[in-house]
Amino acid sequence: GTAESSLEGVTPSLSYYAGSTATGTALPGAPADAGTYTVKATFAGITDYSSASATTTFTIAQATPTVSVSDAGGTYNGNSFAATATVAGTNGTAESILEGVTPSLAYYAGSTATGTALPGAPADAGPYTVKATFAGSIDYSSVSATTTFTIARATPTLSLSDAGGTYKGSSFPATATVAGVVTGIDKTPEPTLEGVAPLLTYYSGTYNTSDLPATGG
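A brief report on the enclosed structure follows. (Residues numbered from 1 in each chain as written. Predicted model: local features only at pLDDT ≥ 70, side-chain atom pairs only at ≥ 80, totals over all residues. Heavy atoms only, no water.)

Let's shift gears to the sheet that holds strand β9 (residues 126-134). Overall, mixed pairing links the 4 strands, which are arranged β5-β10-β9-β8 in an open sheet. A single partner strand is all that each edge strand has here, and the edge strands are β5 (74-75) and β8 (104-109). Pairing of β9 with strand β10 (residues 143-152) involves 9 bridges; the strand directions are antiparallel. Bridged to V130 within β10 is T147. (Pairing = 2+ DSSP bridges. Helix = DSSP H or I, 4+ residues; strand = E, 2+ residues; numbered from the N terminus.)

So, on to the sheet that holds strand β2 (residues 35-43). By way of backbone hydrogen bonds, the strands of a sheet pair with one another, either parallel or antiparallel. Read from one edge of the open sheet, 3 strands run β1-β2-β3, paired in antiparallel fashion. The sheet is open, and its two edges are formed by β1 (13-18) and β3 (52-60), each paired on a single side. Pairwise comparison of adjacent strand axes, ignoring direction, gives a mean angle of 20° for this sheet. Judged from the 9 bridges that link them, β2 and β3 form a sheet pairing that is antiparallel. In the strand pairing of β3, K40 is matched with T55. (Axes fitted to C-alpha atoms, helices over the stretch in contact; angles between N-to-C directions.)

Turning to the packing of aromatic side chains, a few remarks are in order. For the structure on display, the rule yields 3 aromatic pairs. Their ring planes at 85° and their centres at 6.5 Å tell us that Y16 and F58 sit as a pair that is edge-to-face. One end of the pair, Y16, is in strand β1; the other, F58, is in strand β3, and 42 residues separate them in sequence. The exposure class of Y16 is buried, given its relative accessible area of 17%. One aromatic cluster in this structure is built from Y16, Y37 and F58. Geometry around F172 places K168 over its ring, the cationic atom sitting 5.1 Å from the centre. (Phe/Tyr/Trp six-rings, centres within 6.5 Å; stacked < 30°, edge-to-face > 60°. Buried < 20%, exposed > 50% of the residue type's maximum accessible area, 1.4 Å probe, protein only. Lys NZ or Arg CZ within 6 Å of the ring centre and 35° of its normal.)

In structure tokens:
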């Protein structure tokens, strides 16, 4: 016969169950969350027809969220440069959390997310890659994204002095100090900075700074 939504005015009732069988407690209605479900259609019977039922199993697959990660980097200042990650579900709105799950961040030295991850956001100068990973939730699958950023070297402050004097047969050495940019760490002028002492080169005559040979950075 012709399949219709009702027979002699009686419409089959639908009951939904979590899992692959129509057992246990029925759900309050049609499911929306990802998972495997079974629906049971029951025709209660009528004057000319007896009761009957049928079941089918179906799956609601996890959706794939969109993960974004950014880190602008900057110039070395003694502080770490932490990245920011967001995740968006099917509504397209990027948030810091999706269904109670926050993307995790892993940082790597270099331009790829390979090798051993750093213990946290980097602070030292250099190129880095950060990987944001959404581990997955009830309705969304796991996904990750990466971005590469750079912490540029800061410019130290170099001071040099040599009072000179009257010839006495001995040398007149200059004094050089170098200071970094981090207060309480290396901003006070010292003979060395991060273990490196300024190299002093002496020339005879009078020179402007622009006349001196260029040195490597």
